[in-house]
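# Structural description and commentary
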Amino acid sequence: MSEPRKIIIDTDPGQDDAAAIMLALGSPELDILGITTVAGNVPLARTSCNARIILEFCSRTDVKVYAGADRPIARPLVTAEHVHGKTGLDGPELHEPQMPLEARHAVDFIIETLRREPAGTVTLCTLGPLTNIATALEKAPDIAGRVRELVMMGGGFFEGGNITPAAEFNIYVDPEAAAAVFKSGIPIVMMPLDVTHKVLTLKSRVASLREIGSRPAKALVEMLDFFERFDVEKYGSDGGPLHDPTVIAYLLKPELFSGRDCNVEIETTSPLTVGMTVVDWWQVTGRKHNARVMKDVDADGFFALLAERVGRL
Ligand code: RIB
Ligand code: CA
């Protein structure tokens with residue numbers, strides 16, 4: 001096997017964030033340099049707790065957690081307890097994490113890591129609002145040229161939005177941060193709702209996770225049982241969209257996904273559509289491509305990968 005791929009996971013756990021983190025922990029192809037937390041699904045104190053709880057479920061307290069931004073760069077925080085529950089990780093019984101938070105701020109950790117590691121070797125995996133990344137770019141513009149790739153869960157185009165008719169939650173919470181990241185020149189791979197609404201936690205798919213029976217797998221299944229209830233009620237679907245692990249699955253098996261290079265702009269002013277990702281899928285604007293936008297996924301292949309890797313924890 002070639003050198004493991006160095007990644008930083010920036011996250012707002014969130015049950016689907018937990019699935020993404022577990023997928024990464026079970027994959028030796030990846031070297032997790034650190035986990036940085038951001039306010040999003042729930043406030044920062046909770047996301048920073050949740051990231052450590054997930055690592056303790058997996059007995060992986062060797063991975064360090066750095067707390068980041070507690071609010072978006074230019075607007076008040078909007079959270080999603082209605083989806084994720086008060087803790088953000090509702091489902092399993094949760095303990096108080098024993099492992100410490102690192103003293104360094106997430107933004108400084110991101111900057112220092114990108115400056116220390118050889119240019120083009122670190123991948124940023126963002127699972128929540130892009131506040132930490134935008135803040136790091138503002139503080140250290142030189143890091144933009146040092147990022148290998150930024151693979152993000154966020155946005156939507158033909159699928160519309162999930163927190164408003166036009167906007168997906170991660171972008172909606174901090175549209176100014178998203179606009180800065182999409183303008184940065186960093187090579188971006190975007191996993192929008194158009195992909196994640198195709199990876200529904202069908203009973204047959206969760207069954208393979210349920211059979212594993214380990215502590216991490218049991219906790220994850222209890223999280224997913226809780227997490228899907230909101231989307232099942234809202235969409236009448238069989239299962240909920242497992243958004244965030246698509247980011248990690250892309251690193252492991254990019255062939256599971258298909259999409260195209262597009263221009264993506266972020267609406268930051270209109271009260272009606274703020275947070276909308278305006279994806280030029282049909283290439284009508286002639287604007288510069290700034291993201292590889294994914295649209296389709298082999299959902300069964302994705303769940304098979306997730307179960308196989310969680311089974312290794
Ligand atoms: O819109 C879905 C995204 O918002 C996911 O990352 C979920 O965890 C929440 O952060
Ligand atoms: Ca998330």
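As the structure is a prediction and not an experimental result, all values here were calculated from the model.

## Overview of the overall build of the chain
Counting its secondary structure elements, the chain contains twelve helices and ten strands. Since a compact globule built from 313 residues should have a radius of gyration of about 20 Å, the 18 Å found for the chain is in line with a globular shape. Taken along its principal axes, the extent of the C-alpha atoms in the chain is 50 × 45 × 40 Å. Across the 313 residues of the chain, 60% fall into the buried class. Looking at the chain alone, contacts between residues at least 24 apart form 82% of all its contacts between residues at least 6 apart. For the chain, the accessible surface area stands at approximately 12000 Å², while carbon and sulfur atoms represent 53% of it. Once the 32 positive and 43 negative side-chain charges of the chain are each reduced to a mean point, those two points are 3 Å apart.

## Structural notes on the side chain of His84
Topologically, His84 is positioned in helix α3 (residues 81–84). A polar side-chain atom of His84 sits 2.9 Å from a polar atom in the side chain of Asn41. Aside from chain neighbours lying at most four places away, what touches His84 is Gly14, Gln15, Asp16, Asn41, Leu89, Asp90, Phe226 and Phe227.

## Some points on the coordination of the calcium ion (ligand 2)
Coordination of the calcium ion (ligand 2) by the protein is provided by Asp12 (OD), Asp17 (OD), Asp17 (OD), Leu127 (O) and Asp244 (OD), with metal-donor distances spanning 2.2 to 2.6 Å. Each donor residue of the calcium ion (ligand 2) lies on one chain, and together they are spaced D-x4-D-x109-L-x116-D. Separated by 117 residues along the polypeptide, Leu127 in the loop between β4 (122–126) and α5 (131–139) and Asp244 in the loop between α10 (215–235) and α11 (245–252) bring together distant segments of the chain. In terms of burial, Leu127 and Asp244 fall into one category: buried.

## Here's the deal with the pairing of strand β10 (residues 291–297)
As paired elements, strand β6 (residues 188–191) and β10 share two bridges and run parallel to each other. By the bridge assignment, Met190 is partnered in β10 with Val293. Alignment of strand β7 (residues 257–262) against β10, held across six bridges, turns out to be antiparallel. Its bridge partner lying in β10, Phe257 is registered against Val297.

## A closer look at the sheet that holds β4
If you walk across this open sheet you meet the eight strands as β3-β2-β1-β4-β5-β6-β10-β7, and the pairing is mixed. At either end of the open sheet lies a strand with only one pairing partner, and these are β3 (65–67) and β7. Between one strand and the next, the sheet's axes are offset by a mean angle of 25 degrees, whatever the strand orientation. Sitting on the sheet, helix α4 (residues 106–116) is in contact with β1 (5–11), β2 (30–37), β3, β4 and β5 (147–153), with an inclination near 150 degrees to β2.

## Section: the UniProt feature "domain: Inosine/uridine-preferring nucleoside hydrolase" (unreviewed entry) in the chain
As annotated in UniProt, the feature "domain: Inosine/uridine-preferring nucleoside hydrolase" (unreviewed entry) corresponds to residues 7–303 in the numbering used here. Between the end C-alpha atoms of residues 7–303 there is a gap of 21 Å, over a span that is 37% helix and 17% strand.

## Looking at the environment of Asp70
By the element assignment, Asp70 lies in the loop between β3 and α3. Here Asp70 falls in the exposed class, since its relative accessible area comes to 51%. Along the sequence, Asp70 and Gly239 sit 169 residues apart, while their C-alpha atoms lie 31 Å from each other. Beyond its immediate chain neighbours, meaning those up to four positions away, Asp70 contacts Ala39, Leu44 and Leu77.

## Things to note about the site of ligand 1
Taken together, the neighbourhood of ligand 1 is formed by 13 residues, with Asp16, Leu127, Asn162, Glu168 and Asp244 sitting nearest. Asn162 places a polar side-chain atom, nitrogen or oxygen, 2.8 Å from an oxygen atom of ligand 1. Elements represented by at least two residues in the shell around ligand 1 include exactly α1 (15–25) and α6 (169–173). For the shell around ligand 1, the per-class residue count stands at three nonpolar, five polar and five charged.

## Description of α10
With 21 residues, α10 should reach 30 Å at 1.5 Å per residue; the first-to-last C-alpha distance of 30 Å fits that figure. When the local axis directions of α10 are compared, the greatest deviation, roughly 30 degrees, occurs at Glu228. Regarding α10, the residues found buried are Pro216, Ala217, Ala219, Leu220, Val221, Met223, Leu224, Phe227, Glu228 and Asp231. Looking at the buried residues of α10, the elements they touch are α1, α2 (44–57), α3, α9 (203–210) and α12 (299–310). Where α10 begins, the capping side chain belongs to Ser214, and its oxygen is found 3.2 Å from the backbone nitrogen of Ala217.

Here is what the cut-offs are and how they apply
- Residues numbered from 1 in each chain as written.
- Chains lettered and ligands numbered in written order.
- Predicted model: local features only at pLDDT ≥ 70, side-chain atom pairs only at ≥ 80, totals over all residues.
- Heavy atoms only, no water.
- Helix = DSSP H or I, 4+ residues; strand = E, 2+ residues; numbered from the N terminus.
- Rg over C-alpha atoms; globule rule 2.2 N^0.38 Å.
- Buried < 20%, exposed > 50% of the residue type's maximum accessible area, 1.4 Å probe, protein only.
- Contact = heavy atoms within 4.5 Å.
- Areas by Shrake-Rupley, 256 points an atom, 1.4 Å probe, with all protein chains shown as cover.
- Lys, Arg positive; Asp, Glu negative; His and termini not counted.
- Charge placed at Lys NZ, Arg CZ, Asp CG, Glu CD.
- Polar contact = N/O pair within 3.5 Å; in protein donor to acceptor, adjacent residues only side chain to side chain.
- Donors = N, O, S within 2.8 Å, 3.2 Å for Na, K, Ca; no water.
- Pairing = 2+ DSSP bridges.
- Axes fitted to C-alpha atoms, helices over the stretch in contact; angles between N-to-C directions.
- UniProt positions renumbered as here; feature names shortened; annotations may be inferred.
- Near = heavy atom within 4 Å.
- Nonpolar A, V, L, I, M, F, W, Y, C, P; charged D, E, K, R; others polar.
- Expected span 1.5 Å × (residues − 1).
- Bend = angle between axes of the 7 residues up to and from the residue.

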